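# Structural overview
Below are the chains, spelled out letter by letter.
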Amino acid sequence: MPLTRRDFLKISSAAVGATALASGLTSKIWGLDGDPVANPGTDGDTVVPTLCELCFWKCGVLAHVKHGHVTKIVGNPAHPLSLGHLCPRGTGGVGLLYDPDRLKKPLIRRGPRGSQHFEEVSWDEALDFTAKKLLEIKEKHGPEAVALFSHGFGGSFFKHLLNAYGSDNVGAPSYAQCRGGREVGFQLTFGAPVGSPETIDLENSRVITLIGSHLGENMHNTQVQEFATAISRGAQLVVVDPRFSTAAGKAKYWLPIKPGTDIALLLAWMHVIVQEKLYDRDYLEQYATGLEELTAYLLDKTPEWAAVETGIAPELIVETGRFIAGARPASLIHPGRHTAWYGDDAQRARAMAMLNALVGSYGRRGGFYLPTKLGVPKYPGVPAYAHKPKPAPDKPKGVAYPFADETLAHGLRDASFPGTAAYDIKGWIVYGTNLMQALPEPRKTIAAMEHLDFILAIDVLPAEITGYADVVFPEATYLERWDDVAVTPYKEPYIAIRQPVVAPMFDSKPGSWIAKELAKRMNLAEFFPWEDAGAMVKKRLEAGGFDVAKLKKVGVHVAPHKPVFIEEGLEPAFPTPSKKIELWSKQLADAGLDPLPKYTPPEEPPAGQFRLLMGRTPTHTFGRTTNNRFLSEVFSENELWLNAAIAQERGLQNGERVWLVNQDGAKSGPVRLKATQRIRTDCVFLVHGYGHKSNGLRFAKGRGADDAALMTRVRIDPLMGGTGMNVNFVQIEKVTA
Amino acid sequence: MHRLPVETVTTRLNHAIDPSLHIWGWEITLYLFLGGLVAGLLILTAALELTRRQRPTSAALQWMPLVALGLLSAGMGTLFLDLEFKLHVYRFYLAFRPHSPMSWGAWILLLVYPAGLLLALGSLPETTLRRVPLLGRLALRIAAWSQQNRSLVLWTTIAVGAGLGVYTGLLLGTLTARIQWNSAVLGPLFLTSGLSTGAAFLLLCKLDAVERALLLRWDLAAILVELLLIAAMLLGFASGGASAQLAGAALLGGPWTAAFWSLVVVTGLLVPLAMELLELRRHLPLVALTPALVLVGGLALRAILLAAGQDSGYRLLP
Amino acid sequence: MSSKRYVMVVDTRLCVGCKACVLACKSENNVPDGYCRDWIVEDIFGIFPNLRAEIRSERCNHCSGAPCVDACPTGASHVSEGGVVLVSHHKCTGCKACIAACPYDARYVHPDGYVDKCTFCLHRVQRGELPACVGICPTRTLHFGDANDPSSEVAQLLRTRRAKVNHPETGAEPNVFFLT
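These lines cover the structure that appears in this document, whether it is placed above or below. As the structure is a prediction and not an experimental result, all values here were calculated from the model.

Another point: the interface of chain C and chain A. How big an interface is tends to be stated in terms of accessible area lost as the parts join. Taken residue by residue, the interface counts 55 residues in chain C and 50 residues in chain A. When the two sides are added together, the surface that chain C and chain A hide from each other amounts to roughly 4000 Å², 59% of it contributed by carbon and sulfur. Ranking the residues of chain C by area buried against chain A places Val16, Leu23 and Phe48 of chain C at the top, with a combined share of 16%. Across the contact surface, chain C and chain A share 5 salt bridges. With a shortest N-O distance of 2.9 Å, Arg127 of chain C and Asp43 of chain A are connected by a salt bridge. Elements with a contribution of two residues or more to the side of chain C that touches chain A: α1 (20–29), β2 (38–47), β3 (50–59), α2 (67–71), α4 (122–125) and α5 (132–136) of chain C. Considering each element in turn, the side of chain C that touches chain A owes the most residues, 8 residues, to α1 of chain C. Split by residue class, the side of chain C that touches chain A holds 24 nonpolar, 18 polar and 13 charged.

All names here are of chain A. Overall, antiparallel pairing links the 3 strands, which are arranged β16-β17-β18 in an open sheet. Each edge of the open sheet carries a strand with a single partner, namely β16 (486–488) and β18 (556–558). On average, each strand axis in the sheet is tilted by 15° relative to the strand beside it, whichever way the strands run. Of the pairings in the sheet, the one linking β16 to strand β17 (residues 494–496) comprises 3 bridges and is antiparallel in character. In the sheet register, Val487 faces β17, and the bridge partner there is Ile495.

Among the surface-exposed residues, Val132, Leu134, Leu135, Leu138 and Ile142 of chain B lie close enough to one another that they form a single nonpolar patch of about 480 Å² accessible area. Tracing the sequence through the fold places Leu134 of chain B in the loop between α4 (126–130) and α5 (136–148).

All names here are of chain A. If you walk across this open sheet you meet the 3 strands as β1-β2-β3, and the pairing is antiparallel. A strand with exactly one partner marks an edge of an open sheet, and here the two such strands are β1 (46–51) and β3 (69–75). Between one strand axis and the next, the sheet turns through 30° on average, direction left out of account. When strand β2 (residues 60–66) meets β3, the two strands line up antiparallel, connected through 6 bridges. Its bridge partner being in β3, Leu62 is matched across the sheet by Val74.

In this complex, chain C contributes 49 residues to the contact, which on the side of chain B involves 41 residues. Between chain C and chain B, a total of about 3800 Å² is buried, with carbon and sulfur atoms accounting for 58% of that surface. The interface formed by chain C and chain B holds 4 salt bridges in total. One salt bridge in this structure joins Asp105 of chain C and Arg315 of chain B, with 2.8 Å as the shortest N-O distance. Where chain C packs against chain B, one counts 27 residue pairs in polar contact (both at pLDDT 80 or more). Broken down by secondary-structure element, the contributors of at least two residues to the side of chain C that touches chain B are β2, β3, α2, α3 (97–101) and β6 (108–109) of chain C. Take the side of chain C that touches chain B: its biggest share by element is 9 residues, from β2 of chain C. One ladder, built from 4 bridges, connects strand β1 (residues 7–10) of chain B with β2 of chain C; its direction is antiparallel. Bridge assignment links Thr10 of chain B to a residue of β2 of chain C, and that residue is Val41 of chain C.

Below, the discussion takes up the pairing of strand β13 (residues 427–431) of chain A. All names here are of chain A. Among the 5 residues in β13, 5 count as buried, and that is most of the element. Neither face of β13 is left uncovered, since the one carrying Gly427, Ile429 and Tyr431 and the one carrying Trp428 and Val430 both have all their residues buried. Bridge analysis of β13 against strand β14 (residues 454–459) gives 5 bridges, and the strand direction is parallel. Residue pairing for β14: Trp428 is matched across the bridge by Ile455.

Cut-offs and rules
- Residues numbered from 1 in each chain as written.
- Chains lettered and ligands numbered in written order.
- Predicted model: local features only at pLDDT ≥ 70, side-chain atom pairs only at ≥ 80, totals over all residues.
- Heavy atoms only, no water.
- Contact = heavy atoms within 4.5 Å.
- Buried area = accessible area lost by both parts, 1.4 Å probe.
- Salt bridge = Lys/Arg side-chain N within 4 Å of Asp/Glu carboxyl O.
- Helix = DSSP H or I, 4+ residues; strand = E, 2+ residues; numbered from the N terminus.
- Nonpolar A, V, L, I, M, F, W, Y, C, P; charged D, E, K, R; others polar.
- Pairing = 2+ DSSP bridges.
- Axes fitted to C-alpha atoms, helices over the stretch in contact; angles between N-to-C directions.
- Patch = residues over 30% accessible without salt bridge, like charges linked within 9 Å, V, L, I, M, F, W, Y side chains within 5 Å.
- Areas by Shrake-Rupley, 256 points an atom, 1.4 Å probe, with all protein chains shown as cover.
- Polar contact = N/O pair within 3.5 Å; in protein donor to acceptor, adjacent residues only side chain to side chain.
- Buried < 20%, exposed > 50% of the residue type's maximum accessible area, 1.4 Å probe, protein only.

Shown next as structure tokens:
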């Protein structure tokens, strides 16, 4: 006979009739104090608008500063990318700014490369030494022998420095290791890459199809905002993913596809749409070429054929194909972002682009917009680069990737092995990218560095790559520096600025200052005629007629809307050779490549092994934030996702620690097992960016497993040289004490 | 589809709250035990006097109210130790919150002292009271009053004692968020257990034969009632709905089952019951072991219910 | 006595469990390391491949019949403006009766000794702002307002959508609602 709380209340109230009075007497008369609402006092004395750099989306934020201390960071309501809201990382900038493990002083290496043995030196000594080394390389091997690896907005100053120095070898892993395949696939089809922010109008989509893209876990603020808006407006999702992602949890259709077979599914969908003439005929007639060739090509790409490959029932393929077409033109096949999976990624992106074309979503509301942007004049009086650099040696000798339109970061690495490429790379400048995790085959990266004359790393934290550098420059965080004016192609034309919120801590310096100081020491001072980046930004803005004071106060300037959709009267341009959407690609045919996407069945994992897939968590940006103690409060290490039935079969317990060993014997650190219903039985999944080895990352070191270390095999995309990385297989071993 | 989640992931990891509640430890165990014991001691001391219609002759009983107050102070000491903000302890006495058993308890504790003191002053011999430094005269006057109004003093002591004993159980029983404590049995159970431990404590002291015999009978009765109450509690768990089943799980096949049955039921109740029966029937001389076991059982009862109950929150339910 | 009833409405269909709410709360309220006032729960139902998920951003329910307030012996836990349940730090002894009384385990002992929990950011609400978690939420999962005002967004959501509370059987009458 449970006594409910209510019973007690009744009894106690009744038993002591006077208690109400007594109670009234108590706090009111005896209590000399009331109950004021406490204020935690985190509002700033000043609130500074700036741009986030926890990832590369560049959301507008408002940083609250109290007594010189950043107390909190919130979204800037005036900024089109944040609209006042932030992803978890945005708030976590404080954890980066006050990370006790930050690089604090310039370092010069004293031990062997990779020994992480450094001496703290003065800026002058470090800058003089660096300039001397870079000039030596230029003297001996020519300026092109220096490559810049860069990720992040602040890299612009080093790109400028390198161009002035005489090299154009700037590689970002965000191309060949990430979104490059997608850009090429869309470029070939529509004549323009998708870019960042992706030129998609998610919020107005009625059906959103995700091919392996895990929006919501992959947390690009604006995109996730629009994704949620679309759902709240009743949009339906088709999610194709071997894993029951967060997005899959919201989908009308979750298709747990066999990894590596997406092209078969895409072709079968197109088969259904073309056979049943569900496509947008007027749109295609007006804007596209190659429908006939495509129709013929698709004849045998039946749902029955694809079912065998993908493991998805043919009826379901037909149903979802019709469903996708049914919502046209506001039916968006999301282009994805990290797409370096299987080595046929540009062709998969082509298939996705073609499917978008069939439903007529490109240039339409709920599909793709054609971005607009504001112009900001260049800084006046900067001389033209004197030297016309040789093309990048980013491919092996005799190899061509005809559609690569950016430099391949891993290609520059590989060119550091003497005699393997058009010419040798002898020096690296690494800005804000941890090549040890950003590139696959980290052992190859270490071997390549053996051949270098000089490595300079500029970073905020002692990422692994800084341990191999000869000189390490501690950069000020984004909250402590100016960067260039941010001009972002978007739905709305706007510009925004990053300005310092607090003074640089320790002996750190803004990248702009470092680049200028190096330029001075290499007789390139004329290329940096501004006093500092703040002055540079001011002058550029003034030259463009912008209100500098207002921009500093608001952080952003949004210009009037211009048409970005056909519905708004925009006449879409397709800058392909035919000036049309190219379903059948003459460019590819001319290059001797498949003019229509070809499906190649993936290699099967050997018995007892699983295909290793990697992805994102909303709380972190690769390994860049995994040392951020504040963010780690809600996600402190990655877990290995393994199908629960398989785990049970193997006697593996949820939560126990395991090692991963890949097909080449590469072994991960111990990682916690997540035995889950949420993944297929033939693959496992890791969030990228864990398993740090740098001693300086005192929080992150040894947490979780590093997927990059297990990516000892890549499959190169013949169109653009991207490194497909989902081609590694791992076996799982119990951690033995 | 399915009603119960197959997997639940939470980001919450608050100290002492997650993954399972663990806010009260040995301090509260000891406090609850001593509270019950003191309640038992006061009630039984008064009851003996009422039954025998004469002031206690044995020194143990004369001093017992003061001993009880000492034990209560120790209990309040451990309660104080458990407070996370000790400087704010005075706040208990700047408020009376009729809906809060904790508040009732705080005030009852304050009532126990004068009651116990009155009882003691009326029991102790005059020679002892004369020796009270400075306040000897006052003590004698109060003692005289206590003796003149003996019946009032005794019944007041019993009432306050009962309040104290029931309160320790009610304190947990009204915290219905802990589904295992959500039982009306808890108040009477803790009171009965308090009486039983009180009797056991007294039986360890030097008493006369009549007192001993009375206490032995009363303890037997208390143990029997306690067994019945425990049976009622467990039956309630076993026959109730999902939440009751879950509440009982810790004691019926869960992590605390072995400790509960061995320490509380067997060691603390069944063995003493058998030994006390033997003693009464066969007039065997009393050994100290029996009351000691009762005390162990009483302590274990509180420790186990406190630990098991804390973790029986709604989070365990779908 | 105000006739407002502040409630939070959580649209589980939109929530991606990104935890921005958790971190924004920690920043706004200076919540110490290792503690949180709000949190994410992800429930998965079913067996591969027939799965369903529900993601909830949870916090103190500011119950209309708050057991914690009843359990508090000193009046530290009290009902403030709009039914918001607060703890006056200067009155709290840290006896933890409220923690045990809370069916939702929403409270914890702050390292400084007092019991702490979500305040619905009443200090912000009083000056017309939204709670920090609501303000940051990139998916606009979280809605906050006065349920007694029929024209408020929360009142409309509660009228037009299917809403539930966590463990209604506690009888505590929670004021955090989950739209499904």
